[in-house]
Amino acid sequence: QVQLVESGGGLVQQGGTLRLSCAASGRTFSSYAMGWFRQAPGKEREFVAAISVSGTSTHYTDSVKGRFTISRDNAKNTVFLQMNSLKPEDTAVYYCAADYSWSARQAPGTRVSQYEYWGQGTQVTVSS
C-alpha cells in the first residue's frame, strides 16, 4: 500500500497563497494518479484537483479553476497543490489521495470512492 503525509496548511488572509505538499512512500508512486480533496465541518469530502501519473493531464473542480494548480514530482514521490487567491470558502481540511484504478477508466478519479489511499489531512484556514 501507499502511505501519504500532507503538509503546508495553515492560516492565511483572504487573497493569500499556500502550497500544500503530499509525500508518498510504499508502493511505486508513479503508478498512481493523485488527487486532492477537502472537507469542511458538517460537509462531505469534495473533489478539488487530480493529476495523471505522468503529470501531463490535470482536472479541477469549477470553484478552484484558475486559482489552484496541482503538480507532481515523481522523482521525489511528492504531489503539490499551489493555492492562489484564497477565499474564506476554501477553508477546510485538505487531503491527498492515491488512485490505482485510473488505467481502467483512462483518467484520474474525481470521486472519493475512486481513491484507495488517503493522507491524514492538513488544515487550511482563510480569514476574511
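The residue numbering used here restarts from 1 in each chain and proceeds along that chain's sequence as written. In view of the model being predicted, local features appear only for residues whose pLDDT reaches at least 70, and side-chain atom pairs are presented and counted only at 80 or more, with totals across whole chains, interfaces and linings using the full set of residues. Each side-chain value is worked out from all heavy atoms of the structure, with water and hydrogens disregarded.

**Student:** How should I be thinking about the pairing of strand S9 (residues 92–99) in this particular structure?
**Tutor:** Walk down a regular strand and you will see the side chains alternate between the two sheet faces. Relative accessible area decides the class of each residue, using a 1.4 Å probe on protein chains only: under 20% of the type maximum gives buried, over 50% gives exposed, and in between gives partly exposed. Numbering of helices and strands runs from the N terminus; a helix is a DSSP stretch of H or I covering at least four residues, while a strand is a stretch of E covering at least two. Taken across its 8 residues, S9 has 7 buried, putting it largely inside the fold. When DSSP locates at least two bridges between a pair of strands, those strands are taken to pair. Bridge count for strand S4 (residues 33–39) against S9 is 7 bridges, and the pairing is antiparallel. Bridge pairing in S9 links Gln39 to Val93. Both S9 and strand S11 (residues 122–127) contribute to a ladder of 3 bridges, which runs antiparallel. Its bridge partner being in S11, Tyr94 is matched across the sheet by Thr122. In this sheet, strand S10 (residues 117–118) lies alongside S9 in antiparallel orientation, the contact comprising 2 bridges. Bridged to Ala98 within S10 is Tyr117.

**Student:** Help me understand the environment of Ser101, please; the structure alone is not making it clear to me.
**Tutor:** Here Ser101 shows up in the loop between S9 and helix H1 (102–105). The spatial distance from the C-alpha of Ser101 to the C-alpha of Glu116 is 8.5 Å, given a sequence separation of 15 residues.

**Student:** When you look at the nonpolar core in this model, what are you seeing that I'm missing?
**Tutor:** Within soluble globular proteins, side chains that are nonpolar tend to cluster in buried spots. The set of buried Ala, Val, Leu, Ile, Met, Phe, Trp, Tyr and Cys residues whose side-chain atoms join them within 4.5 Å is what this entry labels a nonpolar core. Counting residues in each nonpolar core, the largest one holds 29 residues, and the members touching the most others are Leu4, Met34, Trp36, Leu81, Met83 and Tyr94. Counting residues per element, the ones that place at least two in this core are strand S1 (2–7), strand S3 (18–26), S4, strand S5 (46–51), strand S7 (68–73), strand S8 (78–83), S9 and S11. For Leu4, the contacting residues outside a window of four places in its chain are Cys22, Ala23, Ala24, Met34, Cys96, Ala97, Ala98, Tyr117, Trp118, Gly119 and Gln120. Judged by nonpolar contacts, the second largest core, of 5 residues, contains Phe37, Ala50, Ala97 and Tyr115. We call two residues in contact whenever any of their non-hydrogen atoms come within 4.5 Å of each other.

**Student:** Is there a simple way to explain the state of the cysteines in this structure?
**Tutor:** Here, the word disulfide means a covalent bond between the sulfur atoms of two cysteines. Disulfides are defined as pairs of cysteine sulfur atoms found within 2.5 Å of each other. One pass over the full model with this rule turns up 1 disulfide. Shown here is the disulfide that connects Cys22 with Cys96, its sulfur atoms set 1.9 Å apart. Where Cys22 bonds to Cys96 through sulfur, the torsion about that S-S bond is close to 50°, and the disulfide is right-handed. With Cys22 in strand S3 and Cys96 in strand S9, this pair connects stretches of sequence that are 74 residues apart. Here Cys22 matches Cys96 in class, with each residue buried.

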